[in-house]
Each structure stands twice: as C-alpha cells, then as structure tokens.
Number of protein chains: 2
Amino acid sequence: MRNVSIIGIGQTKVAEHWDRSLRHLAGDAVLAAIQDAGIETADALYVGNMLSGLLTGQEHLAALIADFVGLRGIEAVKIEAACGSGAAALRLGYASVAGGLHDVVIVCGVEKMTDTVNAETTTGLAMAADADYESIHGLTFVSINALLMRRYMHEYGVEHEDFSGFPVNAHRNAVHNANAMFRRPITAEQFARARMIADPINLLDSSGIGDGAAAVVLCPTSRAREYGDGRAVRIKASSMATDAVAVHDRPDPLWLSAAEASAVKAYKQAGVGPRDMDLFELHDAFTVMAALSLEAAGFAERGKGVWLAQNGEIAPEGRIPVSTAGGLKARGHPVGATGIYQIVEVAQQLRGEAGENQIPNARLGMAQNIGGSGATAVTHILEAAV
Amino acid sequence: MRNVSIIGIGQTKVAEHWDRSLRHLAGDAVLAAIQDAGIETADALYVGNMLSGLLTGQEHLAALIADFVGLRGIEAVKIEAACGSGAAALRLGYASVAGGLHDVVIVCGVEKMTDTVNAETTTGLAMAADADYESIHGLTFVSINALLMRRYMHEYGVEHEDFSGFPVNAHRNAVHNANAMFRRPITAEQFARARMIADPINLLDSSGIGDGAAAVVLCPTSRAREYGDGRAVRIKASSMATDAVAVHDRPDPLWLSAAEASAVKAYKQAGVGPRDMDLFELHDAFTVMAALSLEAAGFAERGKGVWLAQNGEIAPEGRIPVSTAGGLKARGHPVGATGIYQIVEVAQQLRGEAGENQIPNARLGMAQNIGGSGATAVTHILEAAV
C-alpha cells in the first residue's frame with residue numbers, strides 16, 4: 001500500500017453558527033483545505049457526520065456538500081460512527097488513497113448541533129448509546145459517562161477535584177486558538193464550584209456542543225511534494241477497533257478495550273510507542289474519558305490517567321501534551337467533526353503552525369477519536385515532513 | 001489493486017418485521033452470509049443504512065451489529081448515501097479489499113422502516129432530498145418523483161399506462177422469490193386502476209417500504225477458492241458518481257448524469273458494455289426512475305426506456321432482464337439495504353441459484369443503486385466464477 005500524506009487543512013470556528021447550515025460550515029472548511037493544498041479538484045469526498053438526519057432533516061449529506069464546493073459529480077459518501085465519525089471518515093479516505101483507488105481525497109467532518117429543527121441535541125447524542133438497552137431506560141449520553149466517572153472514583157480512590165487537570169489545561173490552551181469555542185482560562189477552584197450536570201459530572205467536566213467543520217486533503221506521499229510546498233504531513237498509522245456499544249455488556253467498564261486495540265495496532269503500524277509521541281490529541285468529551293484514554297493508549301497505568309493531568313504532564317511543556325488547541329473541552333465538540341479537528345490540530349503542530357501553542361520540534365503526533373462511551377476508537381499517528 | 005470476489009451472501013425476507021429490531025435483521029443477514037462463505041471471522045464490517053437515527057434512535061449502528069454477530073472488536077462503520085447507502089458501503093468494502101487494507105470484509109445493508117419510534121417514514125425519506133431547498137417547501141420524496149414522471153410524460157409524449165411494463169415484470173418475478181414482500185402478479189389493467197399517491201405516481205408505480213437486511217462477504221479473488229466451494233462471484237467493476245441533490249439544480253432533470261457517469265466508469269473498468277450484460281438490477285423505486293436508469297446506463301435511448309419495458313425486453317427471456325427477483329417494486333425497498341439486495345440477487349443469478357427466475361447461462365450482471373432522485377449512483381458489475 002502507498003504512503004499517504006495530508007496536503008491541506010481547513011476548519012471553521014466552533015460556535016453557535018445560527019446563520020450557517022451544514023453545507024455552509026462544511027463548505028468553509030473544505031474550501032479552506034482545498035486552497036491550503038493548492039489542488040484544483042479531487043476524486044472523492046468522505047464526510048464524517050453523526051446527527052444531520054435527526055437534527056436538521058438532511059441525509060445524503062456528502063453529495064450535497066460535494067456539489068456546494070464546486071465538485072459536483074465526484075464520489076461522495078457520509079460515514080457514521082457516533083462521535084468517532086470524523087476519524088472513521090479519515091480512515092476510509094486513507095484506505096482509498098493507500099490502496100490506490102483514489103489519488104486526491106477530501107475528508108470533511110461536520111456537525112450542526114445548535115439551532116436545530118427536529119429534535120433536541122441530547123436526544124441525538126443518546127443515539128451513540130444502545131437504543132434498545134440503554135437509551136430506552138432514560139440514560140442520556142452524559143449520564144452514561146457519569147456512571148463511568150463514579151465507578152472510576154470508587155475503584156481508584158479518586159476525588160472529583162482530582163480531575164481538574166484536564167479542563168484547566170484545555171482551557172488554558174484554547175486561549176490562543178482563534179477557532180475554539182471557549183477561550184477563557186479556568187482554575188481548579190472554578191472547576192470545583194461548577195454547576196452539576198449529572199452527578200458527578202459537572203459543567204467543566206463536559207465538552208461543549210457546537211457547530212463546526214474541519215477538513216483535510218489527502219494524496220499519496222510520493223505526490224505530496226507537488227502540493228503544499230513541503231508542509232505535507234504523513235499519516236504514519238491509521239487504525240480502528242470497536243467494543244460493545246452498551247457499557248453493561250463490557251466485562252470491564254473502566255477499560256476502553258477498543259481504544260487500546262486501536263492504539264496498539266497504530267503503534268505497530270508506525271513502529272513507535274507512546275514514549276515517542278510529541279503530542280496526543282485525545283477524546284476529552286468528559287474528564288473521565290480523557291483519563292481512560294490516556295490509560296488505554298499506554299500513556300498511564302490503569303487508574304493513573306487522572307494523575308498525569310494533575311501532575312502537569314499533559315501541559316504543553318509536559319511529558320505528553322494533550323488538547324493542545326483546547327481539545328473537545330474548550331475548542332468545542334461538534335461530534336462528527338471532532339475527529340477531523342483533532343487531525344487538523346496535530347497537522348498544525350507538525351507543520352510548526354500552532355502559534356502560541358506550538359510544541360517545540362513536534363515531529364510525531366497521535367489523535368484518538370472515540371465514538372460513544374468507547375465502542376468505537378479510531379487512532380491516527382502523523383509525522384512531520386522530513 | 002487486487003481483484004475482489006463475493007464469497008458469501010445472505011438476506012432476510014423484506015416485510016413488516018414488527019418483532020425484529022435493526023440488530024436482529026442485520027444479524028440474520030450477516031450470519032447467513034458468514035455461513036454461506038464458510039468463514040470464521042472478518043477484518044471489518046461496513047453497514048449501509050440511511051434511517052436508523054431518525055426512525056429508531058440508533059446511530060453507532062455498525063459497532064452494534066459487529067458485536068451482535070459475535071465479531072466484537074472489529075473495524076465497523078456505517079455508510080450513508082440516501083437510498084444508495086447499501087451499494088456505497090459495498091464500494092468502500094470493495095476498496096478496502098482491493099487496496100490491501102483488509103482480507104475479509106462483510107458488507108451489510110439494513111433498514112427498519114415500519115414500527116418506528118421517532119418519526120414517520122415519509123419524513124425520513126425526504127432527507128434524501130435537499131432539506132433547505134426542497135423538503136422545506138413540502139416536497140416529499142414521492143412528489144419529487146411525481147414531478148419527474150410528469151415531465152417525462154410531457155417531454156416524450158408518453159402516457160401513464162405506458163409505464164406498466166415495469167411493475168408487471170417486477171411482480172411476476174417476485175412470485176418466485178421467497179424473500180420478496182409482494183408475491184402476487186399484477187396486470188396492466190390493475191396498474192391503470194391503482195390508487196393515486198402523488199399524481200401521476202400511483203400505488204403500483206411505487207416500490208414498497210419495508211424492513212430487511214442483506215449481506216455479502218468479500219475477499220481477494222486469489223483467496224476466494226479457499227472459501228465458498230467455487231461459487232465465488234467476482235466484482236469486475238465498482239464505481240460511484242454524484243449529482244446535485246436538488247432536482248431544480250440540474251440542467252436537465254430528465255437525465256441522470258450520475259447514473260450515466262457511474263455506469264460509464266464501470267463499463268470502462270470491466271471492459272464491457274451494456275450489450276454484454278445478462279441482467280441488470282436497476283433502481284426501480286418508481287417506474288420513472290426505472291426508465292431513466294435504463295437510459296442513463298445505455299440500455300435505451302433518451303426517452304425510450306419506458307418502451308424497453310412495454311416491449312418485453314426487460315423480461316427474464318428478453319434482451320436485458322431487470323428486477324429478476326422482483327426489484328425494489330415487488331421485493332420491497334428497505335432503502336439502506338436495497339443496494340445489497342441487488343448484489344445478492346445478481347450473485348444468485350451468476351451462481352445459478354436463482355431458481356424459477358434463473359436467467360440461463362448468466363455470466364455477467366450489473367447492479368445500479370441510486371440515492372435520492374439521482375444524486376448518488378453506485379454501479380457494480382459482477383462476473384460468474386470461471
């Protein structure tokens with residue numbers, strides 16, 4: 001299979017875009033990525049999205065966006081894997097270029113979660129859980145994560161205040177990200193006092209929903225030099241794994257086996273390990289998910305993920321910087337778009353374009369996008385151009 | 001790229017399965033395909049589905065199904081391209097095997113359209129159209145097709161009764177298909193008298209919605225002999241194209257340019273033409289769509305598709321048999337599953353397992369799955385094992 005590189009990136013600000021529909025948001029991100037790559041056309045468009053049908057009454061989304069950005073006629077499909085939809089779309093785009101089906105592919109993640117038409121966003125997010133065995137009993141997506149967090153605290157003797165390291169880091173990093181939704185720093189004291197959402201998850205444990213889109217352009221690495229003036233970032237590994245959707249079906253609810261399996265496959269493909277990473281864009285939809293991700297991906301021992309954050313090791317100057325542009329927590333979490341935001345942010349770091357948030361000499365970065373409460377995990381490892 | 005073969009097929013009956021959820025339907029089809037192929041496991045599951053979110057409150061569908069069929073952990077994503085979702089999923093499954101990403105991939109199309117929870121199926125189907133510029137004005141999916149049919153009749157001087165050849169053929173063929181929804185033959189007189197739905201489309205112009213699932217197992221042709229005792233069917237071509245989603249955005253509403261582009265690409269890849277086909281499973285969601293498909297795919301001249309049906313050339317003994325197992329019209333049209341039903345039915349013909357509907361010596365068959373009123377078209381050409 002061919003090596004694949006990212007030759008263009010684009011994104012919109014994550015916000016409540018009441019005046020922008022799905023096609024406008026996706027269009028902004030895709031056109032920015034096209035311009036960044038310096039391409040004229042593409043062979044295919046893969047769109048990661050979870051909620052367009054329920055919330056805005058629009059399926060058939062990929063053909064719609066392809067037409068809107070001036071690429072009428074090209075192959076275009078939407079890919080859904082709950083909150084992991086964005087990276088799942090990238091994975092299929094990667095496969096089509098690596099395998100030789102296509103030469104130039106655009107992957108876009110887009111979600112519109114505010115100013116919706118048909119249903120509440122909370123109802124939409126619950127579709128990431130098992131409709132017949134979880135949601136039907138009244139579990140929302142936040143409450144499922146609350147059960148996980150409570151269990152984490154119980155099993156590992158952790159207090160709620162011990163989770164503050166994640167949002168404090170994310171908000172501090174988002175200050176310098178013009179595309180982030182929440183650009184104000186927060187303190188551990190503010191975290192402790194934040195309004196309760198679903199005990200023990202409070203407002204500052206939770207990522208914010210929002211509208212947004214991000215996009216990347218892929219081509220074979222052998223052709224990447226033709227575009228993007230040497231800033232192309234190589235996809236060194238791409239992997240995906242799944243788990244039971246319902247948390248109660250998992251033998252160990254506190255172990256994200258899909259995240260582990262996906263990370264292990266990615267490390268093997270790239271020939272690297274967690275210690276080689278200069279940054280890790282993890283799926284901090286909730287603080288407990290950030291802790292579990294660090295553990296499953298091999299950055300912390302079981303039950304110790306939360307201390308990595310409390311000890312400052314996830315800070316930009318720490319051992320393994322996470323949420324370097326604000327993460328899901330502070331950049332915002334437009335669910336189907338998040339996986340591509342993560343990739344765009346890793347690419348910015350590896351291109352040395354992360355501004356105030358730049359990790360010095362970042363050469364290798366990982367992104368892990370999680371669907372549901374861990375039933376889908378998609379991992380990508382990116383490497384700076386040499 | 002590697003040649004790819006279909007080594008296993010499975011399907012459920014299309015019906016109002018009030019006692020079967022999405023996972024049960026998909027499970028039945030996938031397990032049947034696994035058994036038919038004689039495989040123990042698979043690398044990935046790609047699921048074609050359009051409406052699970054809106055109608056049943058379940059996204060994250062692919063991970064759910066993978067777990068339910070005993071394949072917890074494997075890569076699994078849902079692919080959506082409106083009514084073309086099934087074949088779009090096959091296209092990505094094909095790409096992943098052809099390109100070397102995976103060796104054994106299961107592709108399942110599934111849809112549950114009756115006994116739904118959240119919304120009416122008519123609302124769901126309208127999501128295949130442009131939400132902001134078509135559906136918002138009250139257009140349903142049937143009424144968009146009614147506009148096309150009226151225009152067809154006007155432009156080409158065709159009467160409504162001239163469309164009877166399509167449903168008469170489809171219903172006659174469905175009599176022998178145990179998985180079909182409507183197994184009674186109909187006459188041209190019954191067609192003429194059928195209840196009006198959206199003038200000029202009447203009940204017998206329209207395919208029936210239903211619940212159902214179909215599945216195939218793919219592997220490299222070089223390994224196909226290890227499985228399926230020599231009945232493997234080769235995917236000789238796979239292609240996809242798109243068009244404007246809104247009909248009013250197309251320069252010529254009566255020409256399915258995506259269907260044409262997709263067919264032309266497939267013919268080129270396979271090195272064959274329409275005259276080489278022993279059968280063509282087309283997308284007869286409405287009679288006018290069947291006529292337009294025959295024209296776009298090169299089986300009839302512009303405006304003449306309807307006469308191919310009236311002259312009996314689409315019958316099993318005709319020049320180009322279509323809807324050999326009942327088509328969307330009489331087998332039923334569980335939208336996201338339809339593209340895989342078409343493939344299963346072509347495979348049955350090429351394996352010589354089509355029973356009473358067998359086309360003698362069928363060696364080469366084509367399936368074209370259309371999304372929306374033509375904005376997505378996915379074409380596959382299959383060849384019998386040599």
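Residues numbered from 1 in each chain as written. Chains lettered and ligands numbered in written order. Predicted model: local features only at pLDDT ≥ 70, side-chain atom pairs only at ≥ 80, totals over all residues. Heavy atoms only, no water.

Draft legend 1. Geometry of the overall build of chain A. In terms of regular secondary structure, chain A is built from 14 helices and eleven strands. With the C-alpha coordinates aligned to their principal axes, the bounding extent of chain A is approximately 55 × 45 × 40 Å. Burial statistics for chain A: of 386 residues in total, 69% are counted as buried. (Helix = DSSP H or I, 4+ residues; strand = E, 2+ residues; numbered from the N terminus. Buried < 20%, exposed > 50% of the residue type's maximum accessible area, 1.4 Å probe, protein only.)

Draft legend 2. The interface of chain A and chain B, seen in detail. Between chain A and chain B, the contact holds 56 residues from the first and 56 residues from the second. A per-residue breakdown of the area chain A buries against chain B is headed by His-60, Glu-80 and Met-127 of chain A, which together make up 16% of the total. Across the pair Asp-130 of chain B and Arg-23 of chain A runs a salt bridge whose closest N-O atoms are separated by 2.6 Å. At the junction of chain A and chain B, the tally comes to 28 residue pairs in polar contact (both at pLDDT 80 or more). Of all the secondary-structure elements, those providing two or more residues to the side of chain A that touches chain B are α2 (52-56), α3 (61-68), β3 (75-80), α4 (85-98) and β8 (233-242) of chain A. A per-class count over the side of chain A that touches chain B returns 29 nonpolar, 14 polar and 13 charged. Where β3 of chain A and strand β3 (residues 75-80) of chain B come together, three bridges link them in antiparallel fashion. Bridge assignment links Glu-80 of chain A to a residue of β3 of chain B, and that residue is Lys-78 of chain B. (Contact = heavy atoms within 4.5 Å. Buried area = accessible area lost by both parts, 1.4 Å probe. Salt bridge = Lys/Arg side-chain N within 4 Å of Asp/Glu carboxyl O. Polar contact = N/O pair within 3.5 Å; in protein donor to acceptor, adjacent residues only side chain to side chain. Nonpolar A, V, L, I, M, F, W, Y, C, P; charged D, E, K, R; others polar. Pairing = 2+ DSSP bridges.)

Draft legend 3. The pattern of salt bridges, seen in detail. Residues and elements named next belong to chain A. Going through the model one piece at a time under the given rule, you end up with 44 salt bridges over all chains. Close ionic contact of Arg-234 with Glu-383 constitutes a salt bridge, the shortest N to O distance being 3.7 Å. Linking Arg-234 in strand β8 with Glu-383 in strand β11 (residues 376-383), this pair joins segments that are 149 residues apart in sequence. You can call Arg-234 partly exposed: its relative accessible area is 24%. One connected set of salt bridges, linked through shared partners, spans Arg-2, Asp-103, Arg-223 and Glu-226.

Draft legend 4. Here's a closer look at the pairing of strand β1 (residues 4-11) of chain A. Residues and elements named next belong to chain A. Taking burial as the measure, the eight residues of β1 include eight buried ones, the bulk of the element. Pairing between β1 and β8: three bridges, direction antiparallel. When the bridges of β8 are listed, Val-4 appears paired with Ile-235. Looking at chain direction, β1 and strand β7 (residues 212-220) are connected through seven bridges and run antiparallel. Each bridged residue has a counterpart across the sheet, and for Ile-9 the counterpart in β7 is Val-216.

Draft legend 5. Main features of the state of the cysteines. Counting across every chain of the model gives zero disulfides over all chains. Left unpaired, Cys-219 of chain A is separated from the closest cysteine sulfur, that of Cys-108 of chain A, by 18 Å. (Disulfide = S-S within 2.5 Å.)

Draft legend 6. Structural context of the nonpolar core. Formed by 137 residues in total, the largest nonpolar core has its most connected members in Phe-163, Phe-299 and Ile-381 of chain A together with Phe-163, Phe-299 and Ile-381 of chain B. If sequence neighbours within four positions are ignored, Phe-163 of chain A has contacts with Met-149, Tyr-152, Met-153, Val-158, Phe-191, Asp-205, Thr-287, Val-288, Ala-291, Val-306 and Gln-310 of chain A. Among the nonpolar cores identified, the runner-up in size contains 86 residues, and Val-4 and Val-14 of chain A together with Ala-87 and Tyr-341 of chain B belong to it. (Core = buried A, V, L, I, M, F, W, Y, C linked by side-chain atoms within 4.5 Å.)

Draft legend 7. Local environment of helix α14 (residues 335-350) of chain B. Counted at 1.5 Å a residue, the expected span for α14 of chain B with its 16 residues is 22 Å, and the 24 Å between its end C-alpha atoms agrees. With 15 of 16 residues buried, α14 of chain B is to be regarded as a mostly interior element. (Expected span 1.5 Å × (residues − 1).)

Draft legend 8. Seen up close, the pairing of strand β8 (residues 233-242) of chain B. Residues and elements named next belong to chain B. Taking burial as the measure, the ten residues of β8 include nine buried ones, the bulk of the element. Note that β8 and strand β11 (residues 376-383) share eight bridges and pair antiparallel. Residue pairing across strands places Ser-239 opposite Thr-379, the latter belonging to β11.

Draft legend 9. Region of interest: the relation of the copies chain A and chain B. The transformation that overlays chain A on chain B combines an axial shift of 0.0 Å with a rotation of 180°, and the residual RMSD is 0.0 Å. On the angle and the small slide along the axis, the relation comes out as a two-fold axis. Rotation axis and chain A: the residue whose C-alpha lies nearest the axis is Gly-99 of chain A, separated from it by 1.7 Å. Interface overlap between copies is the fraction of interface residues in one copy that are interface residues in the other; for chain A against chain B it reaches 100%, indicating a shared surface. (Least-squares fit on C-alpha atoms with pLDDT ≥ 70 in both.)

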